[in-house]
Protein chains: 2
Amino acid sequence: MSLKMYDLAGNDPEVRFSPYCWRIKMALAHKGLTVETIPWRFTEKHVIAFSGQERVPVLIDGDRHVTDSWEIALYLDEAYGDRPALFAGEQARAAGFFVKRWCETQLHPALVRLALADIVQVLTPADAAYFRQSREQALGRPLEDYCEPREAHRKALDACLAPLRSSLKVTGFLGGGAPNFADYIVFGAFQWVRCSSREPVLQPHDPLAGWFERMLGLHDGLGAKAPRAFAQLPLKDGPPRDGPPREAG
Amino acid sequence: MSLKMYDLAGNDPEVRFSPYCWRIKMALAHKGLTVETIPWRFTEKHVIAFSGQERVPVLIDGDRHVTDSWEIALYLDEAYGDRPALFAGEQARAAGFFVKRWCETQLHPALVRLALADIVQVLTPADAAYFRQSREQALGRPLEDYCEPREAHRKALDACLAPLRSSLKVTGFLGGGAPNFADYIVFGAFQWVRCSSREPVLQPHDPLAGWFERMLGLHDGLGAKAPRAFAQLPLKDGPPRDGPPREAG
């Protein structure tokens, strides 16, 4: 068994922040599978051209490859059915797909408005140029402008988090008493910001912070150990928004 | 076996529109249980005072009573475990709780801004006076003002529906190939507006309209047969927003 995965990396190759890749790193750990992750950058599309598309994660399992984080999760539950399941059956899987679409249509856009101007700073020079040009063309303005005014974006994120906050307070995990792939989907979103941004998304008093801490600690602290490009600063003290990202390793 | 349920009714006692009561009527039908519904109005809190709270649905099962639609669903799966389950296990139930909280914190508020000024017209005179006074005090303005500008509220609803729309297109139901209680939760929200408002929430081309039609047809057309206070008018033709509600019984 030889699993490899192309994993988005920053200028520091140890900084890995793709929310979609985090879903799969957690899913592999959930199933007790070890993987060799290969750092990949936005401007290395030629490296994964064999997969017939341009995004990571790409999972290599022996002589097979699987793309798209959702498809990879389904593949893992099928190919490794003797190991802990990512979803306990069809109903959990269908509801997990709703969580995925909620995450991608509501949570990701709310987080992007707080993190985008930081993310560009953690990329390789070539990736940063590509990223800034493509995103600014789509947004019609500089990344830094898109992330202002921060207080309004923080309020919008807070409203967006209401259903997650109030349900995790009761159920513990989206999977119930233990995490399933729905938890990894949402974890990926927060871990993305944690690894690539100064934005302290979750305040200590937030019920979500307890869930996120539990998620960070899973699988021998896989999430907690992940290098971060910036130290996160407390929200209330008016953090300075400059300072260099973590040096490349 | 004798099941009874207090069910919110309009001035026409056949018009039943509570989203929470619809969850349970669908859940009972899902389990093949028949129920006698008792019309109840907001100003009849004394009638359900025995339940120790002031909201419907209240389910009476022999000498027991159960309140709160979520608790009733859990009760039904436990007490009638030999009948079709509302949730297939803990993961589906936990994810269903997230759907519930999404529905209540995102979808209901978006629908209220389109339906509130109609809902007050379908109530008994006593309920209408209570409803208008209590809601207008909370909102700080007339119900009719709260529902304007309608185009902005329709756009907000459309954005809110994105995760539901894009997941049901793929999975068919929130429960997967067949509906579970998560579907009944969201169905209740749309059926609420369908039964008590002129607002045509779902356009025919909307992928959600197909799901809602399937939901209306379930259990011998339980939802489809429900009397509506108003005829729904096409959105695009600039429907007149006056005209009396359906006459009382």
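Residues numbered from 1 in each chain as written. Chains lettered and ligands numbered in written order. Predicted model: local features only at pLDDT ≥ 70, side-chain atom pairs only at ≥ 80, totals over all residues.

Residues and elements named next belong to chain A. Per the domain assignment, the segments of chain A are domain 1 (3-79) and domain 2 (90-221). Spacing between the C-alpha centres of domain 1 and domain 2 amounts to 19 Å. Looking at the side of domain 1 that touches domain 2, the elements that each hand over two or more residues are α1 (19-30) and α2 (69-79). The element contributing the most residues to the side of domain 1 that touches domain 2 is α1, with eight residues. Here the side of domain 1 that touches domain 2 is built from residues that sort into 11 nonpolar, five polar and three charged. (Domains from an automatic or database assignment. Helix = DSSP H or I, 4+ residues; strand = E, 2+ residues; numbered from the N terminus. Nonpolar A, V, L, I, M, F, W, Y, C, P; charged D, E, K, R; others polar.)

Here the focus is the interface of chain A and chain B. Between chain A and chain B, the contact holds 30 residues from the first and 30 residues from the second. Put simply, the parts of the chain that give the side of chain A that touches chain B at least two residues each are α3 (90-119) and α7 (162-171) of chain A. Take the side of chain A that touches chain B: its biggest share by element is 14 residues, from α3(A). Tallied by class, the residues present in the side of chain A that touches chain B amount to 15 nonpolar, 12 polar and three charged. (Contact = placed C-beta atoms within 7 Å.)

Its place among the elements puts A88(B) in the loop between α2 (69-79) and α3 (90-119). C-alpha separation for the pair A88(B) and A110(B), spaced 22 residues apart in sequence, amounts to 30 Å. Residues contacting A88(B), with those up to four places away along its chain left out, are G89(A) and Q91(A).

With that settled, consider the sheet that holds strand β1 (residues 3-8) of chain B. Residue and element names in this part refer to chain B. Taking strand neighbours across the sheet as the criterion, the four strands line up as β2-β1-β3-β4 in an open arrangement whose pairing is mixed. A strand with exactly one partner marks an edge of an open sheet, and here the two such strands are β2 (36-40) and β4 (64-67). Here the average twist between neighbouring strands, direction ignored, is 20 degrees. With five bridges joining them, β1 and β2 adopt parallel strand pairing. By the bridge assignment for β2, D7 is matched with P39. Contacting β3 (58-61) and β4, α2 runs over the sheet at an angle of about 135 degrees to β4. (Pairing = 2+ DSSP bridges. Axes fitted to C-alpha atoms, helices over the stretch in contact; angles between N-to-C directions.)

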